[in-house]
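Each chain, written out:
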Amino acid sequence: MSVRSKLLQKSVTAAAVLITVLMGLPGCSSSPERAEVADHVETEREGITGEMVEGVTVDSQVCSGNLVPPTGYRQETAFVSLSTPGPYDAAAEQARSRLRDLICQGYRCDQAESMITIWRVGEDGRRACVMAVASARNIDEFESGPRRNLEAGLVEVAAEISERLADETNDPKPTVVVDTINDNGVNGGPRAEWLHDQLLEALAQRSVDTRRPPPRWSGLGAPSATTGVIRGSIRELPGQEAILEVTWQLELAENRVRGVGNVQFPLAISPEVDRDTYMTPLPRGSGKVSLHLDSRPGGALCNGQETELWLETAEPLHVRVLNLYGRGEGGLVVYSTDEEPLASNHPVSLGQFRAVKASSTPVERFIVIAAPTEEKLGRFASIDQVCRLPGTMAYALHEGRSLPAEAMEWTTSLDYRLMSGDECSDVEPAGMADMSALAQLPSCW
């Protein structure tokens, strides 16, 4: 590969892990009090005392690992050493608290706790063992109201998008691209894909056609045969209740961006996202520079997925493209224009690569520093090769610091989560990248 104006074909960060938060079996909703008791249930209560387990059926299997709740219920079991004061009440409290937190995730937790019953208690000579259960039907009802509110809110957003598009075109069924959904600082992931699918349903109700971002698209302006581009951004709202807010924007011709509404919903009803992938948001620019890659809906990549990175500017600019991985553990300058600026409205491929793990944090980030003159690039103006950023600089950039002030108008960024699991079953996963070769690169300064 040439040193200048080429992308270093390197391994990139990866690996978001989806965590299943609730265990249980589907089925009827009969209460535990009326459920049939299995043959192994014991009635002897000698030594098993405690206010929270008074009257609870003793079951030796609670400690054995055969942790099956009654049909139609979800369970959480706690184990506490018998040497602990009040071990049975302590285990009961732990089981209730864990199940409550799994159900509510910070939203209406008092109501969630009221649905929980202590179902079985036992001991194995070393530990007190207590199972708490909650009806799957009650949990579904607990979540159904917020789900309906979210669906209604997205329909309102879709209606606003439809009205905006009607002002732009006479087409009775305009077409838009649904692009990235940024979740707490990083594009894509299970929650972004969940919202992406729900927005598509809402748009269909308003007779708005949607299209996936086409291959080889740089992200600058709307693709041909479309009227606009929709992008979303998710953030946690401050406060005691675990509430998320998704804000939607519609980009129209001539770089016009319109807000088209926001919707709030509790964290508890959405797919879980690894909090290690929450990042400080990086500058997204003024729309004069765009970096884009072919990705999953919302902007994530699967571990092992092949993709291509595209760059385009709306005016002639000198450009440096930086790559950061993990939580700022390292970074590179992977692309640099020659003495002449990059031609405007001329998409440039920065190369194809396969996304693989390069850090324990499954996030990869790119920053584009651009300006009409090299002088405005600040200390990055002297870089004309693929090189390794000093560790302190990589971390500062990861936090959105140390960017040249005179280039901020044109500075933009792109990032993605790396996913694995069932969603990526059609992609052969890649192993951990060997990053030792990066140490052989020259330092940028």
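Below: a short report on this structure. Quick caveat, the model's predicted, so the values are computed rather than measured.

**Quick look at helix H4 (residues 190-205)**
Step number 1: With 16 residues, H4 ought to run about 22 Å at 1.5 Å a step, and its terminal C-alpha atoms sit 23 Å apart, in line with that.
Step number 2: Every buried residue of H4 is listed here: Pro190, Arg191, Ala192, Glu193, Leu195, His196, Gln198, Leu199, Ala202 and Leu203.
Step number 3: Positive phi shows up at Ser207, right after H4, with a value of about 60 degrees.

**Focus on the state of the cysteines**
Step number 1: Per the counting criterion, the structure on display carries 4 disulfides.
Step number 2: A sulfur-sulfur distance of 2.1 Å marks the disulfide that ties Cys387 to Cys444. With the S-S bond torsion at 95 degrees, the cross-link from Cys387 to Cys444 turns out right-handed. Highlighted residues: Cys387 in strand E19 (residues 387-388) and Cys444 in the segment after strand E20 (412-419), separated in sequence by 57 residues.

**Details of the pattern of salt bridges**
As a working rule, side chains carrying opposite charge can pair if their charged atoms are close by.
Step number 1: The full count for this structure, using the stated rule, is 21 salt bridges.
Step number 2: Between Glu113 and Arg100 there is a salt bridge whose closest N-O contact spans 3.5 Å. Highlighted residues: Glu113 in helix H2 (residues 109-113) and Arg100 in helix H1 (residues 87-104), separated in sequence by 13 residues.
Step number 3: Looking at Arg100, the relative accessible area reads 18%, which means it is buried.
Step number 4: Among the ionic pairs, Arg147 bridges to Glu143, the shortest N-O distance being 2.5 Å. Taken as a pair, Arg147 and Glu143 lie in helix H3 (residues 136-168) at a separation of 4 residues, close to a single helical turn.

**Some details on unusual backbone geometry**
Step number 1: The phi torsion at Ala225 lies on the positive side, around 70 degrees, for a residue other than glycine.
Step number 2: Inspection of the secondary structure puts Ala225 in the loop between strand E8 (209-211) and strand E9 (228-236).
Step number 3: When its relative accessible area of 61% is taken as the criterion, Ala225 is described as exposed.
Step number 4: Not every positive phi belongs to a glycine, and Asn345 is a case in point at roughly 50 degrees.
Step number 5: Along the chain, the position of Asn345 falls in the loop between strand E16 (330-336) and strand E17 (348-354).

**Quick notes on the environment of Leu220**
Step number 1: Summarising the element assignment, Leu220 is placed in the loop between E8 and E9.
Step number 2: Relative accessible area serves as the criterion here: at 17%, Leu220 is assigned to the buried category.

So, how was this worked out
Residues numbered from 1 in each chain as written. Predicted model: local features only at pLDDT ≥ 70, side-chain atom pairs only at ≥ 80, totals over all residues. Heavy atoms only, no water. Helix = DSSP H or I, 4+ residues; strand = E, 2+ residues; numbered from the N terminus. Expected span 1.5 Å × (residues − 1). Buried < 20%, exposed > 50% of the residue type's maximum accessible area, 1.4 Å probe, protein only. Disulfide = S-S within 2.5 Å. Salt bridge = Lys/Arg side-chain N within 4 Å of Asp/Glu carboxyl O.

Scope: geometric values only; no functional claims are made or implied.
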